[in-house]
Amino acid sequence: MTTFAKGLEGIVAAETRMSFIDGEKGILEYVGIPIDDLARNSSFEETVFLLWNTRLPRRGELAEFSEQVRQRYKVPTALAKLILQMPKDAQPMHVLRTMTSALALYDPSPNANDIPSARAKAMNILAQLPTIIAYFDRHRRGEAIVEPRSDLGYAANFLYMLNGKEPTEAVRRAFDVCMILHADHGLNNSTFAARVVISTLSDMYSAITAAIGSLRGPLHGGANEEVMEMLGEIPSMAAVEPYIMDKLAHRAEGARIMGFGHRVYKTIDPRATFLKTFSKQIATDTGNLPLYEKSSKIEEIMKREVGAKGIYPNVDFYSATTYHSIGLKLDLFTPMFAMSRVSGWAGHCIEQLDGNRLFRPKAQYVGPHGVRYTPMDQR
Ligand code: ACO
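Residues numbered from 1 in each chain as written. Predicted model: local features only at pLDDT ≥ 70, side-chain atom pairs only at ≥ 80, totals over all residues. Heavy atoms only, no water.

A.B. asks: Please give an account of the site of the ligand that cites residues and values.
C.D. replies: Neighbouring the ligand are 19 residues, the closest being H220, I257, G259, F260 and R263. The side chain of R251 places a nitrogen or oxygen atom 3.0 Å from an oxygen atom of the ligand. Between the ligand and the protein, one listed contact pairs a nitrogen atom with a backbone N or O atom of F260 at 2.8 Å. When the free accessible area of the ligand is taken as 910 Å², the share hidden by the protein chains comes to 73%. Given that more than half its atoms are within 2 Å of the pocket grid, the ligand belongs to the largest pocket. For the shell around the ligand, the residue count by class is nine nonpolar, five polar and five charged. (Near = heavy atom within 4 Å. Polar contact = N/O pair within 3.5 Å; in protein donor to acceptor, adjacent residues only side chain to side chain. Areas by Shrake-Rupley, 256 points an atom, 1.4 Å probe, with all protein chains shown as cover. 1 Å grid on protein atoms, 1.4 Å probe; cavity = no way out; pocket = protein on both sides within 12 Å on 5 of 7 lines; lining within 4 Å. Sits in = over half its atoms within 2 Å of the grid points. Nonpolar A, V, L, I, M, F, W, Y, C, P; charged D, E, K, R; others polar.)

A.B. asks: Requested: an account of the nonpolar core, with residues and values cited.
C.D. replies: In this structure, F175 and I298 are the most contacted members of the largest nonpolar core, which totals 110 residues. Here this core takes twelve residues from helix α6 (residues 115-140), the largest share from any one element. Shared between two domains, this core takes at least three residues from each, and those domains are domain 1 (19-218 + 330-353) and domain 2 (223-325). Residues within four places of I298 in sequence aside, it is in contact with M230, L231, I234, V240, I244, I257, F260 and F317. (Core = buried A, V, L, I, M, F, W, Y, C linked by side-chain atoms within 4.5 Å. Buried < 20%, exposed > 50% of the residue type's maximum accessible area, 1.4 Å probe, protein only. Helix = DSSP H or I, 4+ residues; strand = E, 2+ residues; numbered from the N terminus. Domains from an automatic or database assignment. Contact = heavy atoms within 4.5 Å.)

A.B. asks: Mind laying out the pairing of strand β1 (residues 19-22), listing which residues take part and the relevant values?
C.D. replies: Note that β1 and strand β2 (residues 27-30) share four bridges and pair antiparallel. Bridge pairing links D22 to I27 in β2. The loop that links β1 with its antiparallel partner β2 comprises four residues; one of these, G26, has a positive phi angle of about 75°. (Pairing = 2+ DSSP bridges.)

A.B. asks: I'd like a rundown of the domain arrangement of the protein chain, residues and numbers included.
C.D. replies: The assigned domain composition of the protein chain is domain 1 (19-218 + 330-353) and domain 2 (223-325). On a C-alpha basis, the centroid separation for the pair domain 1 and domain 2 is 26 Å. Contact residues are listed per partner, giving 31 residues for domain 1 and 26 residues for domain 2. Counting the contacts that link domain 1 with domain 2 gives zero salt bridges. In this assembly, domain 1 and domain 2 are joined by five residue pairs in polar contact (both at pLDDT 80 or more). (Salt bridge = Lys/Arg side-chain N within 4 Å of Asp/Glu carboxyl O.)

What follows is the structure, encoded as structure tokens:
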């Protein structure tokens, strides 16, 4: 039996033990634990352990796991030199994708795909993405790179390498929470891309490189940057209503309010529920409350106008205000998403390798048949 589903909508294409989503009820759980509970109580490192081991770690296990990540923060010296040769006007997502691919060049056995090797590579990539992003950002600003510090956790170390000073506890925590919220999300486009690549028994580097390429798209992870651009285009609270109404009026021509709508959620994305309250607090603390208020107004209009169609804020909507409030540059929003989602990508690759079946769907041919070859001079 052949089923055709454009965009693979509604098709179940893999099994996972990591995240559960109920798009109608607005539920997201990692290994059965509600996302809200994890955002309040967990750390990013603990969440990664949970996803990769499908259980919470005991105290000693978490300490050991975190230490293993910290020992891998440094990138190979040759790769650090390569980053410093990147054009300063390159986009960080393109640099991240290229350098993730380049990591394979410094791995003595890049193709090893047995589960222990795949897990070791996953940990290397997870630990080194922040270093790549921070090194490139400092390079393009003409600043000396700041080496990673193995006494700092994942979030604190990234912000330290980026800014040359340790973040405040509030900013570190905000960053850590965002990392938890973005870690995994079922068979989203970039995760599917990673699983498709690894299903050919290709390598972890190729799979993660493909996933980064997918995440960059404005219909996926790139939306958080576009949300911020939209907020920047709206000059005042009074301008919110006409701006949104104008966009909605052009919906048939493809106009979209970025940060709204989701292939799976037909109610508010539970990550957005958490981030809404969270972004209000961090925006207040950092003098960015007007940004939050504009976002809240957009949400109100969208609910009134298209709520009945199931178009609600997704994770990207309030994460834009949060990232801006913690001082992150616009074009680092999506790289930051990648730094977190790499945990989900790698976890899915390991699940795929453990009982692999090659992805090979079919295409519905819609072209002509029986066409005669026309010689070149008769065309
Ligand atoms: N603004 C306005 N209208 C929207 C939006 C939006 N953001 N999203 C969906 N709609 C409308 C469409 O116009 C369409 O209306 P119609 O039925 O009257 O033609 C209907 O809702 C269905 O839209 P589709 O684009 O077909 O739905 P799909 O499941 O493909 O969309 C997507 C999901 C791509 C996320 C879409 O909602 C969108 O483009 N959103 C904006 C980009 C965005 O925020 N992406 C981040 C997603 S979350 C993530 O990847 C981390």
